[in-house]
Amino acid sequence: MCGIVGYIGKRQASSILVEGLTKLEYRGYDSAGVAIIHNGCLDVTKCKGRLANLEKRLEINPIEGTMGIGHTRWATHGEPSDVNSHPHTNQKGTISVVHNGIIENYIQLREKLTKKGYKFLSETDTEIIPQLIDYYYKGDLVEAVIKAVSKMEGSYAIGVISTYEPDKLVAVRKDSPMVVGVGDGEYFIASDIPAILNQTRDVYLLDDKEFVVMTTDGISILTEEKEEIQKEIYHVTWNTDAAEKGGYEHFMLKEIHEQPKVIKDTMLSRIIPGKPINLDKISITKEQIKDIEKIFIVACGTAYHAGVIGKYVIEKLARIPVEVDIASEFRYRKPIINEKTLVIVISQSGETADTLAVLRDAKAHKSRVIAVTNVVGSSVSREADDVLYTWAGPEIAVASTKAYVTQLIAMYIIALFFAENKQTLYQEKIEYYKNAMLELPNKAEEVLKNKEQIQKFSSKTYMYKDMFYLGRGLDYAVAMEGSLKLKEISYIHSEAYAAGELKHGPIALIEKGTIVIALATQEDLFEKMVSNIKEVKTRGANVFALALEGNDTIEKTVDSVLYLPKVDPLFAPVISVIPLQLLSYSIAVQKACDVDKPRNLAKSVTVE
Ligand code: M6R
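A quick note: this is a predicted structure, and the numbers were derived from the prediction, not measured.

Engineer: Is there a simple way to think about the pattern of salt bridges in this case?
Structural biologist: If the charged atoms of two oppositely charged side chains come close together, the side chains can form a pair. The final tally for this structure, using the stated rule, is 29 salt bridges. Residues Glu488 and Lys485 are paired through a salt bridge, measuring 3.4 Å at the closest nitrogen-oxygen approach. Here Glu488 pairs with Lys485, and both are found in helix α18 (residues 474-490), just three residues apart, close to one helical turn. The residue Glu535 makes a salt bridge to Lys503 at a minimum N-O spacing of 3.5 Å. Residue Glu535 is found in helix α19 (residues 526-537), and its partner Lys503 is found in the loop between β21 (493-498) and β22 (515-520); the two are separated by 32 residues along the sequence. For Lys503, a relative accessible area of 48% translates into the label partly exposed. Salt bridges here are not isolated pairs; linked through shared partners, they connect Asp140, Glu143, Lys147 and Lys226.

This is the structure in structure tokens:
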């Protein structure tokens, strides 16, 4: 989730690259850099921190040249640092590359090249690319890029320049966006349209494995077999603001739609059928896992809701007792923690004050701490014993959506990892769960196609003052998240209840017309949930239900039902939360609320 921009033409590249990067800074901002070719030499300037740091360096030491590539980074492999910043170069300093995405097999590729004498400076997966191109370079840059790419697994959008062919910019993508801008005798590449919108509105939208070769004389788009592809130019009509949001009205909506991709990214290289679960930044051993007597999952807000799911799945799959708590409560209640307890902290930002305090306290009590976070180099990632990164990319909207689903994926991965190590499940069952997880990106995509019903429901309900969310088991955990989302961005009061708890008090609030969102995706609890729905229906509630395809008996009991694609109920939270996010979003828009920046809230809560 970084940003790429590239230029070849007759103007000075440096200012064009930096201007493009400023439009991409919202995607990643832990470091930035440019590489420019001038008089046959490659000049690279890059540094940790915001783009302003790079601008300062370029002011002091300007780089001349009319062709170059630039990058703004959101760290995935390796801490934010000067050396880990892009562009990366080969050892000889003759080939330079910017990259978005993740090279899944970079460790294997690095080992192979190391054996052939290549030395690596950074901790990044990206550095493998210029070295691999170097390895294959036999006088034809395009050929070398094609060969290098054929060895790379994972997702990528890359821009390549080289002193060997100083009049050429080569780019390619797979599963990571990349566009090519067409100007008057000049060309641009960018990971997102806003980066080049001030330069041109005519772009080629690249498809996977299309290789673009740009010189000042022209452009060609080639297949892997070097056959020319004819593509239509797309004329961009959006304004810059809409373009930053990928054409969506708000960042939140964009981020909701990114969920299939981030679910996939978070599983990438970790969940592979037939192979043990691979958690590269987790060094806890089989023996240490067997010794764990209790797990505490601690977090705040949405991350806490992901923790509630974590409790269910770790207990079910790995048979370890789990307690889940809110960080601001946990830190002051003198919990019983010691070297036999494992603490898992979940934090999108990795900087939440209460969560960080819990982490420090746990370590002081000799508990091992696993951090689940979205930000490489964040405080929790630096201080925890082990880290499991959620690869959601930068989340801009204050209301968390895509980070939450990746936290759920992290919980499933940890549960399966423990189950595998403790042998609490047969291997076939683990394989079954892995395969079921790998289907989730497509299932999430299906849910996103079905927005009409949500919009219809929201237009009937946006003027209400109260709503209830009900569920049992995992559905209850998702109900909590749905209810929080509604409160946060639409300012409608809502409560989430475990459906069986209703008759112990809150049912007194149900009257004619009360809006109830009922989640009924858990098949073993389905009949019990239907009974609870009947209890509110008989008191006049207006019930909107979520159920898995095939469970249509629910139609007799509720006012309307939205069916979700069939998944194993264990993983239903990953897709059932999507309609709830969309519902809150749609209601907030109809109420003209400031969706991305709700009142009184901040993205990162670094104070107590
Ligand atoms: O960065 P963190 O995950 O630690 O943040 C925790 C909460 O502050 C956060 O999830 C908050 O509840 C969001 N606004 C939810 O949308």
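Engineer: What should I look at first to understand the state of the cysteines in this one?
Structural biologist: Covalently bonding the sulfur atom of one cysteine to the sulfur atom of another cysteine gives a disulfide. Per the stated rule, a full pass over the model turns up zero disulfides. Counting only cysteine sulfurs, Cys2 is the nearest neighbor of Cys47, a cysteine outside any disulfide, at a range of 15 Å. By relative accessible area, which is 2% here, Cys47 ends up buried.

Engineer: What is the right way to read the environment of Pro87 from this model?
Structural biologist: Mapped onto the fold, Pro87 is located in the loop between β4 (67-73) and β5 (88-89). Here Pro87 falls in the buried class, since its relative accessible area comes to 1%. With 323 residues separating them in the primary sequence, Pro87 and Ala410 have C-alpha atoms 30 Å apart. Not counting residues up to four positions away in its chain, the partners in contact with Pro87 are Gly33, Val34, Ala35, Val44, Lys46, Ile69, Ser96, Val97 and Val98.

Engineer: It is not clear to me how the sheet that holds strand β16 (residues 322-326) should be interpreted in this structure. Could you clarify?
Structural biologist: With respect to topology, five strands assemble into an open sheet ordered β16-β15-β17-β18-β19, the strand pairing being parallel. Edge positions in the sheet fall to β16 and β19 (386-389), since each of these pairs with one other strand and no more. Strand-to-strand twist across the sheet, computed as the mean angle between neighbouring axes with direction ignored, equals 20°. Both strand β15 (residues 294-299) and β16 contribute to a ladder of five bridges, which runs parallel. Its bridge partner lying in β16, Ile295 is registered against Val322. In the packing of helix α10 (residues 301-318) onto the sheet, the strands contacted are β15, β16 and β17 (341-347), and the crossing angle to β16 comes to about 175°. Sitting on the sheet, helix α14 (residues 402-422) touches β15, β17, β18 (368-373) and β19, and the angle it makes with β17 is about 160°.

Engineer: Looking at this model, I keep getting lost on helix α4 (residues 128-136). Mind explaining?
Structural biologist: Within α4, eight of the nine residues are buried, leaving the element largely enclosed by the surrounding structure. Of the positions making up α4, those classed as buried are Ile128, Ile129, Pro130, Gln131, Leu132, Ile133, Asp134 and Tyr136. Among the structural elements, β5, β6 (95-103), α3 (106-115), α5 (141-151) and β7 (154-162) are those in contact with the buried residues of α4.

Engineer: How should empty space enclosed by the protein be read in this particular structure?
Structural biologist: Empty space among the atoms becomes visible once a probe the size of a water molecule is rolled across them. Applying the stated criterion across every chain yields a total of three cavities of 30 Å³ or more. Taken as a whole, the largest cavity holds about 80 Å³ of empty space. In terms of lining, the largest cavity is formed by Thr76, His77, Tyr106, Arg270, Leu279, Asp280, Lys281, Val387, Leu388, Tyr389 and Trp391. It is β19 that provides the largest number of residues to the lining of the largest cavity, a total of three residues. Residue composition of the lining of the largest cavity, grouped by class: six nonpolar, two polar and three charged. Here the lining of the largest cavity spans two domains, and each of domain 1 (3-237) and domain 2 (247-438) adds at least three residues to it.

Engineer: Please clarify how the nonpolar core should be interpreted in this entry.
Structural biologist: Note that soluble globular proteins tend to have their nonpolar side chains buried in a common cluster. Residues Ile295, Ile314, Ile344, Phe418 and Met437 are the most contacted members of the largest nonpolar core, which totals 98 residues. Sorting elements by how many residues they give to this core places α14 first, with 14 residues. Once residues within four sequence positions are removed from consideration, Ile295 is found in contact with Ile314, Ile320, Pro321, Val322, Glu323, Leu342, Ile344 and Phe418. Formed by 30 residues, the second largest nonpolar core is a distinct cluster that contains Ile95, Val97, Tyr106 and Tyr136.

Rules used throughout
- All residue numbers refer to position in the chain's written sequence, counted from 1.
- Restriction of local features to residues with pLDDT of at least 70 applies here, the model being predicted, together with a cutoff of 80 or more for giving and counting side-chain atom pairs; totals for whole chains, interfaces and linings are based on all residues.
- To obtain the side-chain values, all non-hydrogen atoms of the structure were used and water was disregarded.
- Each reported salt bridge corresponds to a side-chain nitrogen of Lys or Arg within 4 Å of a carboxyl oxygen of Asp or Glu.
- Counting from the N terminus, the helices are DSSP H or I runs at least four residues long and the strands are E runs at least two residues long.
- Relative accessible area decides the class of each residue, using a 1.4 Å probe on protein chains only: under 20% of the type maximum gives buried, over 50% gives exposed, and in between gives partly exposed.
- Cysteine sulfur atoms that pair up within 2.5 Å are treated as a disulfide.
- By the convention used here, residues are in contact when the closest approach between their heavy atoms is within 4.5 Å.
- At least two bridges found by DSSP between two strands is the condition for calling them paired.
- Note on definitions: angles span 0 to 180 degrees between N-to-C directions of axes, and those axes are lines fitted to C-alpha atoms, for helices only across the stretch in contact.
- Definitions used for this entry: grid spacing 1 Å over protein atoms alone; cavity, a set of points where a 1.4 Å probe fits but cannot get out; pocket, an open set with protein on both sides within 12 Å along at least 5 of 7 lines; lining residue, one with an atom within 4 Å of a point.
- Grid points are joined across faces, edges and corners, and a volume is the space filled by probe spheres set on the points.
- Ten residue types, Ala, Val, Leu, Ile, Met, Phe, Trp, Tyr, Cys and Pro, are classed as nonpolar, four, Asp, Glu, Lys and Arg, as charged, and the remainder, Gly among them, as polar.
- For the purposes of this description, domain bounds are those given by an automatic or database domain assignment.
- In this text, buried Ala, Val, Leu, Ile, Met, Phe, Trp, Tyr and Cys residues form a nonpolar core when linked through side-chain atoms within 4.5 Å.

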